[in-house]
Amino acid sequence: MEKVGRYEFMAEPFHCDFSGRLFMGHLGNHLLNAADFHSTDRGFGMKYLMTIKRSWVLSRLAIEMSEMPEQYTRFVVETWVENAMRFFTSRNFRICSPDGSKVYGYGRSIWAMIDTETRQPTDIFSIDNGAINDWIVNDKECPIGKGGRVKMGNEARLVHAIDTYYNDVDINGHINSVKYIEHVLDLWPIEWYREHQVKRFEIAYVAEAHGGDQLSFYREQGADGAFNVRIVKTGDVEVARAAMTVMD
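Residues numbered from 1 in each chain as written. Predicted model: local features only at pLDDT ≥ 70, side-chain atom pairs only at ≥ 80, totals over all residues. Heavy atoms only, no water.

Colleague: Is there a simple way to explain the overall build of the protein in this structure?
Modeller: A tally of helices and strands in the protein yields four helices and 10 strands. Listed N to C, the secondary structure of the protein is β-α-α-β-β-β-β-β-α-α-β-β-β-β in terms of helices and strands. Taken over the C-alpha trace, the protein has a radius of gyration of 18 Å; the compact-globule value for 248 residues is 18 Å, and the two agree within 12%. Of all 248 residues assigned to the protein, the portion counted as buried reaches 51%. Sequence separation of 24 or more characterises 71% of the internal contacts of the protein that already satisfy a separation of 6 or more. On the protein, roughly 12500 Å² of surface is accessible, and the fraction owed to carbon and sulfur atoms is 48%. Separation of charge centres in the protein, based on 28 positive and 35 negative side chains, amounts to 3 Å. (Helix = DSSP H or I, 4+ residues; strand = E, 2+ residues; numbered from the N terminus. Rg over C-alpha atoms; globule rule 2.2 N^0.38 Å. Buried < 20%, exposed > 50% of the residue type's maximum accessible area, 1.4 Å probe, protein only. Contact = heavy atoms within 4.5 Å. Areas by Shrake-Rupley, 256 points an atom, 1.4 Å probe, with all protein chains shown as cover. Lys, Arg positive; Asp, Glu negative; His and termini not counted. Charge placed at Lys NZ, Arg CZ, Asp CG, Glu CD.)

Colleague: Explain the environment of G100 to me, please; I cannot follow it from the model alone.
Modeller: Structurally, G100 can be placed in the loop between β4 (88-96) and β5 (103-115). Distance in space between the C-alpha atoms of G100 and E78 is 9.9 Å, their sequence separation being 22 residues.

Colleague: Is there a simple way to think about empty space enclosed by the protein in this case?
Modeller: Any space left empty among the atoms is revealed by the rolling of a water-sized probe across them. All told, the structure shown has two cavities of 30 Å³ or more when counted by the stated rule. Approximately 50 Å³ is the volume found for the largest cavity. Forming the walls of the largest cavity are R60, L61, A62, K146, G147, G148, V150, E202, I203, A204 and R241. Looking at the lining of the largest cavity residue by residue, the classes come out as five nonpolar, two polar and four charged. Approximately 30 Å³ is the volume found for the second largest cavity. In this structure, the second largest cavity is lined by F44, W56, M113, I124, I127, A131 and I132. When its residues are assigned to classes, the lining of the second largest cavity shows seven nonpolar, no polar and no charged. (1 Å grid on protein atoms, 1.4 Å probe; cavity = no way out; pocket = protein on both sides within 12 Å on 5 of 7 lines; lining within 4 Å. Points joined across faces, edges and corners; volume = space filled by probe spheres on them. Nonpolar A, V, L, I, M, F, W, Y, C, P; charged D, E, K, R; others polar.)

Colleague: So what exactly am I meant to see when it comes to helix α3 (residues 177-185) here?
Modeller: One turn of the α-helix equals 3.6 residues, which is why residues spaced by three or four share an orientation. The buried count for α3 comes to seven of nine residues, which makes it a mostly enclosed element. Buried within α3 we find S177, V178, Y180, I181, H183, V184 and L185. If you check the start of α3, you find a side-chain oxygen 2.8 Å away from the backbone N of V178, and it comes from N176. (Polar contact = N/O pair within 3.5 Å; in protein donor to acceptor, adjacent residues only side chain to side chain.)

Colleague: Sorry, what's going on with unusual backbone geometry here?
Modeller: Note: most peptide bonds trans; most residues except glycine with negative phi. Unusually for a residue other than glycine, R119 sits at a positive phi of about 65°. Note that R119 resides in the loop between β5 and β6 (157-163).

Colleague: Looking at this model, I keep getting lost on the sheet that holds β6. Mind explaining?
Modeller: The strands making up a sheet are joined through hydrogen bonds of the backbone, oriented either antiparallel or parallel. Reading across the sheet, the 10 strands line up as β1-β3-β4-β5-β2-β7-β10-β9-β8-β6 and stay open at both edges, with antiparallel pairing between neighbours. The sheet is open, and its two edges are formed by β1 (5-10) and β6, each paired on a single side. The sheet shows a mean angle of 25° between the axes of neighbouring strands, taken without regard to direction. Where β4 and β5 come together, nine bridges link them in antiparallel fashion. Within the sheet, the bridge partner assigned to R94 lies in β5 and is Y106. Set on the sheet, helix α1 (residues 24-41) makes contact with β1, β2 (54-65), β3 (74-84), β4, β5 and β7 (198-205); between it and β1 the angle comes to about 145°. (Pairing = 2+ DSSP bridges. Axes fitted to C-alpha atoms, helices over the stretch in contact; angles between N-to-C directions.)

Remember that the coordinates give geometry; whether it matters functionally is a separate question.
This is the structure we're talking about:
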């Protein structure tokens, strides 16, 4: 079995926005599905982990696109493990045409493995005697920035607050990682997206939120032109930070 997984998807028309191109949120779902397919095929995926009360949780995700696939377009998500440490592993993505001749963009992610009862990080290398090390690929290019903690000043202002419900909660029992992305992107009106195209979106997850929590979104524009967002749940607990840049 190859170390790099390749999974084909299609930009289904009802997964595309008014411009006829794939929603960023749906692309995020495809990346996470590819990650699960890859890890499951190689023996350390969610299907197995759930049987031993373990689970992968996404810690950071960065997506950088030159363009989004158009509706009905078939595309491939390539994914591979770049590095593994005791409590975290880094996984990369390349989004391209099925023959590889066109590259739409890349993604970088960091994952933690947790104990589903204690919700605390657990040793990745304890799974099948550290078998994840057999799948590391450290010589495949992923030419986008790794990202870091999103810096926010005192100028951020509350721009939106939402309640969370059934459709926001995932298999891990907390707010779905991609739902945060969708909620952040909804901070701008449709008219804004008629004039702007998202180039890079990155998000770092700080704490878990659960169904019924209210999420508040604080936004500011940084000196580098990026829009930065801090997400706070009920009780004034920060749960995530996001940054977004648009095409020049």
